[in-house]
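Examination of the molecular architecture
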2 protein chains.
Amino acid sequence: MDSTRGEFALIERFFKERGIKRADVPISVGDDAAILAPPANSHLAVTTDTMVSGVHFDAHTPIDALGHKLAAVNLSDLAAMGAEPAWASLALTLPDFDETWLDQFSRGLIETLDYHHCSLIGGDITRGPLTLTLTVHGFVPKDRYLLRSGAQPGDRIYVSGTLGDAALALALQQDKLSVACDISVREALNERLFRPTPRVMLGTLIRNQANSAIDLSDGLAGDLKHILTASKVGARIDLGLLPRSDAFAASVSLEQGWPYQLVGGDDYELCFTVPEGRRGAFETISRQAGVAVTAIGVIEREPGLRFIHAGKEIQCDHLSYSHF
Amino acid sequence: MDSTRGEFALIERFFKERGIKRADVPISVGDDAAILAPPANSHLAVTTDTMVSGVHFDAHTPIDALGHKLAAVNLSDLAAMGAEPAWASLALTLPDFDETWLDQFSRGLIETLDYHHCSLIGGDITRGPLTLTLTVHGFVPKDRYLLRSGAQPGDRIYVSGTLGDAALALALQQDKLSVACDISVREALNERLFRPTPRVMLGTLIRNQANSAIDLSDGLAGDLKHILTASKVGARIDLGLLPRSDAFAASVSLEQGWPYQLVGGDDYELCFTVPEGRRGAFETISRQAGVAVTAIGVIEREPGLRFIHAGKEIQCDHLSYSHF
């Protein structure tokens, strides 16, 4: 991490001295590069995600939640590959050197990294418009990684957790929707927006059963289409099966909820496909993952994404959602 | 890389289809994470550097040079560890999706990565204030990495190339200094500011001889102090020995040049220490590096950094330079 000498001590306190130490990190923050010892017979999974102030978050987001979310969205990508998190590198651009901000941000970041046994190994802190970038590294046993391209006709399509909570929270926050709901319901929805849970354990558990996987960052419809395109297949989703949280169900009707569930984004659940013959083993194993999984549809030979409800095809033309 | 569908094709053209393919990258841009195969019996070196518009560069910088420099400053950190570059991950935040800008930037970036056999394996493109972050990965044979902390009293201190050119170019550009010099001299200095050369080959060649190393990004005085602090030693530098380029020597006197050489920054040369007993082997081997090396001083037991010239001690109190 580069910075003036006066700030070295603070950076050390906030980023270097906090967090777990791993035996496979001989040299961490403080030299020109970190030195890492990857395990034998493993592939390394590497992913990078950036969050920009005013684009991906605003002043509503608690500062520690920013740190948490930066870790979570990156760990979610590792989960979608079936990888076990190991190392993270932070690039932080800050308008000024605000000690309180750095304390809260680093606390949220490192708590979440620690929880997944992921060590902060270095990075760069620069002055400029608030921009947060994390690169995370994980391990996956050789050739056991999950891709978007493995889905086969007949595979069941699963999602973890529930869909639409974060998008609904954002709509309520931005007054795009008005719903008379309890403060506890609002809080439950906000929690899903500010503190998504990366499905790391689930990702590693399904490595041997799933044919394909992706994490849901931009909404089920758009993200599932990445699987369909990469796998050269189509899919049929039963909208009545999309999992809803209690808070979500207390706020919107089934049909009202679909846009949030299909194109809202920010769910950070996993979407994956499992062949019929491995469903038994998969459903047994997935019980250890600490999160429910729901079968919502099936992969079909015919290209395209089709939605049904109560036996009838439903048109959903407002697909995908983008940060760019 | 995340972005809307309309832009996927352009990103593929600019970043995915350009550049070398490496056999140790089974999965590159296009899934949730890249999948990499680290070599056996090697340590992995990982470093991240960010460049922010208005802080680290301005409109004077040619766009392809931005791409080049982002690669170069990161590869320079790998060189300082003695690591051989392998993989790079890009986080690009852009105010708008400008095809010409992306074409020129990616060309500069990938040409420089290619030259060092480093493959772009993924990243994230987001909208926001112009911020460029690269994370690079390199290999170093197990336990053969170079650190800042290995310097020993009696070690000779070396630098590669010449010092001060980039800082002088910047001062001339910003009208902080007025010098009557040829256009060819100005161009030579600008080239060093816009297109620094990471000393990658030198870094790998000195692994077995050097006791410590750092790359010069913030100026010799500040960066050498990192070695002294980490190694718990001091040093004496002979200012008359600091290597000057022809363009530098044509522009400023010896004394005038010292501030640019000591605290100017942006040299991206290596500074390293070699014990007396390995100097013969080192100087022979270093001839293969394609860049001159110059002995400029010696590591001493007494803490602190001392400067001499013509046998007399010189006071240099304006030390270090920071981007933050």
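Note that the structure is a prediction, hence the values are computed from the model and not measured.

Calculation rules
Residues numbered from 1 in each chain as written. Chains lettered and ligands numbered in written order. Predicted model: local features only at pLDDT ≥ 70, side-chain atom pairs only at ≥ 80, totals over all residues. Heavy atoms only, no water. Helix = DSSP H or I, 4+ residues; strand = E, 2+ residues; numbered from the N terminus. Expected span 1.5 Å × (residues − 1). Buried < 20%, exposed > 50% of the residue type's maximum accessible area, 1.4 Å probe, protein only. Pairing = 2+ DSSP bridges. Least-squares fit on C-alpha atoms with pLDDT ≥ 70 in both. Contact = heavy atoms within 4.5 Å. UniProt positions renumbered as here; feature names shortened; annotations may be inferred. Domains from an automatic or database assignment. Buried area = accessible area lost by both parts, 1.4 Å probe. Salt bridge = Lys/Arg side-chain N within 4 Å of Asp/Glu carboxyl O. Polar contact = N/O pair within 3.5 Å; in protein donor to acceptor, adjacent residues only side chain to side chain. Nonpolar A, V, L, I, M, F, W, Y, C, P; charged D, E, K, R; others polar. Core = buried A, V, L, I, M, F, W, Y, C linked by side-chain atoms within 4.5 Å. Axes fitted to C-alpha atoms, helices over the stretch in contact; angles between N-to-C directions. Parallel < 35°, antiparallel > 145°, perpendicular 65-115°, else oblique. Left-handed = near helix turned anticlockwise from the far one by under 90°.

Glancing now at helix 3 (residues 99-115) of chain A. With 17 residues, helix 3 of chain A should reach 24 Å at 1.5 Å per residue; the first-to-last C-alpha distance of 24 Å fits that figure. One or two positions beyond helix 3 of chain A, positive phi appears at His-117 of chain A, with a value near 55°.

Attention now moves to the pairing of strand 4 (residues 119-127) of chain A. All names here are of chain A. Of all the nine residues making up strand 4, eight are buried; the element is thus mostly covered by neighbouring parts of the structure. Strand direction decides the pairing type here: strand 3 (residues 84-94) and strand 4, joined by eight bridges, are parallel. Its bridge partner lying in strand 4, Leu-92 is registered against Ile-125.

Another point: the relation of the copies chain B and chain A. Least-squares fitting of chain B to chain A yields an RMSD of 0.0 Å, with the superposition described by an axial translation of 0.0 Å and a rotation of 180°. Both copies of the chain, as the preceding transformation shows, are related through a two-fold rotation axis. Comparing interface residues between copies, 98% of those in chain B also sit at the interface in chain A, which points to an isologous, same-surface contact.

Our next topic: the UniProt feature "domain: PurM-like N-terminal" (unreviewed entry) in chain A. Cross-referencing UniProt, the feature "domain: PurM-like N-terminal" (unreviewed entry) maps to residues 30-140 of chain A in the present numbering. Within residues 30-140 of chain A, the helical portion is 32% and the strand portion 40%, while the C-alpha atoms at the span's ends are 28 Å from each other.

Now for unusual backbone geometry. All names here are of chain B. Phi is positive for Asp-143, which is not a glycine, with a value near 65°. Structurally, Asp-143 is set in the loop between strand 5 (131-141) and strand 6 (156-160). Taking relative accessible area as the criterion, Asp-143 reaches 54% and is therefore assigned exposed. One non-glycine residue, Ala-310, adopts positive backbone phi at about 50°. Its location among the elements puts Ala-310 in the loop between strand 11 (304-309) and strand 12 (312-314).

On to the domain arrangement of chain A. Residues and elements named next belong to chain A. Domain annotation of chain A identifies domain 1 (5-141) and domain 2 (148-314). One C-alpha centre belongs to domain 1, the other to domain 2, and the line joining them spans 27 Å. Counting residues at the interface gives 23 residues for domain 1, matched by 17 residues for domain 2. Summed over both partners, the interface of domain 1 with domain 2 comes to about 1,600 Å²; 61% of that surface belongs to carbon and sulfur atoms. Where domain 1 touches domain 2, the interface holds two salt bridges. Note that Asp-266 and Lys-69 form a salt bridge whose closest N and O atoms lie 3.1 Å from each other. The interface formed by domain 1 and domain 2 includes six residue pairs in polar contact (both at pLDDT 80 or more). Elements that contribute at least two residues to the side of domain 1 that touches domain 2 include exactly helix 2 (63-81), strand 3 and strand 5 (131-141). Examining the composition of the side of domain 1 that touches domain 2, we find that eleven residues originate from one element, helix 2, more than from any other. For the side of domain 1 that touches domain 2, the per-class residue count stands at twelve nonpolar, six polar and five charged.

Residues Phe-15, Leu-92, Phe-105, Leu-109, Leu-132, Leu-134 and Phe-272 of chain B are the most contacted members of the largest nonpolar core, which totals 56 residues. Tallying contributions element by element places helix 2 (residues 63-81) of chain B first for this core, with nine residues. Among all residues touching Phe-105 of chain B, those that are not within four sequence positions of it are Phe-15, Ile-63, Leu-66, Gly-67, Leu-70, Leu-90, Leu-92 and Leu-132 of chain B. In terms of nonpolar packing, the next biggest core, distinct from the first, is built from 41 residues, Trp-101, Leu-134 and Tyr-268 of chain A together with Ile-35 of chain B among them.

All right, on to the pairing of strand 7 (residues 212-215) of chain A then. Residue and element names in this part refer to chain A. Burial of the side chains of strand 7 extends over both faces: Ser-212 and Ile-214 are buried on one face and Ala-213 and Asp-215 on the other. Bridge analysis of strand 7 against strand 9 (residues 270-274) gives four bridges, and the strand direction is antiparallel. Directly across from Asp-215, in strand 9, lies its bridge partner Leu-270.

With 64 residues of chain B at the interface, the matching set in chain A holds 63 residues. Between chain B and chain A, a total of about 5,000 Å² is buried, with carbon and sulfur atoms accounting for 60% of that surface. The tally of links between chain B and chain A comes to four salt bridges. Its salt-bridge partner being Arg-148 of chain A, residue Asp-32 of chain B comes within 3.3 Å of it at the nearest N-O pair. Across the contact surface, chain B and chain A share 18 residue pairs in polar contact (both at pLDDT 80 or more). It is strand 2 (residues 42-52) of chain B that provides the largest number of residues to the side of chain B that touches chain A, a total of ten residues. Among the residues forming the side of chain B that touches chain A, the class breakdown is 31 nonpolar, 22 polar and eleven charged. Relative to strand 1 (residues 34-36) of chain B, strand 2 (residues 42-52) of chain A is paired through three bridges, and the arrangement is antiparallel. Counted as the bridge partner of Ala-45 of chain A is Ile-35 of chain B from strand 1 of chain B.

On to the sheet that holds strand 7 of chain A, then. Residue and element names in this part refer to chain A. Read across the open sheet, the seven strands follow the order 7-9-6-10-8-11-12; overall the sheet is mixed. Each edge of the sheet is formed by a strand with only one pairing partner; in this case those strands are strand 7 and strand 12 (312-314). Shown here is a sheet whose adjacent strand axes are inclined to one another by a mean of 30°, direction ignored. When strand 8 (residues 234-238) meets strand 11 (residues 304-309), the two strands line up parallel, connected through five bridges. Bridge pairing links Gly-234 to Gly-304 in strand 11. Strand contacts of helix 2: strand 7 and strand 9, with the helix running at about 175° to strand 7, the strand carrying the most contacts. On the sheet, helix 10 (residues 279-286) packs against strand 6 (156-160), strand 9 and strand 10 (293-300) and is oriented at approximately 5° with respect to strand 6.

So, on to the environment of Ala-281 of chain A. Residue and element names in this part refer to chain A. Along the chain, the position of Ala-281 falls in helix 10. Judged by relative accessible area, Ala-281 falls into the partly exposed class, the value being 41%. Residues Ala-281 and Val-233, spaced 48 residues apart in sequence, show a C-alpha to C-alpha distance of 24 Å.

Residue and element names in this part refer to chain B. Two elements in contact, helix 4 (residues 165-173) and helix 5 (residues 183-194), have axes whose closest approach is 7 Å; the angle formed by their N-to-C orientations is 110°. Between helix 4 and helix 5, the angle falls in the class roughly perpendicular. Classified by chirality, the crossing of helix 5 by helix 4 is left-handed. Listed contacts from helix 5 to Asp-165, Ala-166, Leu-168, Ala-169, Leu-170, Leu-172 and Gln-173 of helix 4 are Arg-186, Leu-189, Asn-190, Arg-192, Leu-193 and Phe-194. Classifying every residue of the contact of helix 4 with helix 5 by side-chain character gives eight nonpolar, two polar and three charged.

Residue and element names in this part refer to chain A. Per the UniProt record, the feature "binding site: ATP" (unreviewed entry) sits at Gly-123, Asp-124, Arg-148 and Ser-217. With the annotated positions falling across 95 residues, the maximum pairwise C-alpha distance of 31.5 Å shows that they are not confined to a single cluster. Structurally, the position occupied by Gly-123 is in strand 4. Take Ser-217: it is sitting in the loop between strand 7 and helix 7 (220-231). Beyond its immediate sequence surroundings of up to four residues, Ser-217 is in contact with Asp-223, Gly-265, Asp-266 and Tyr-268.

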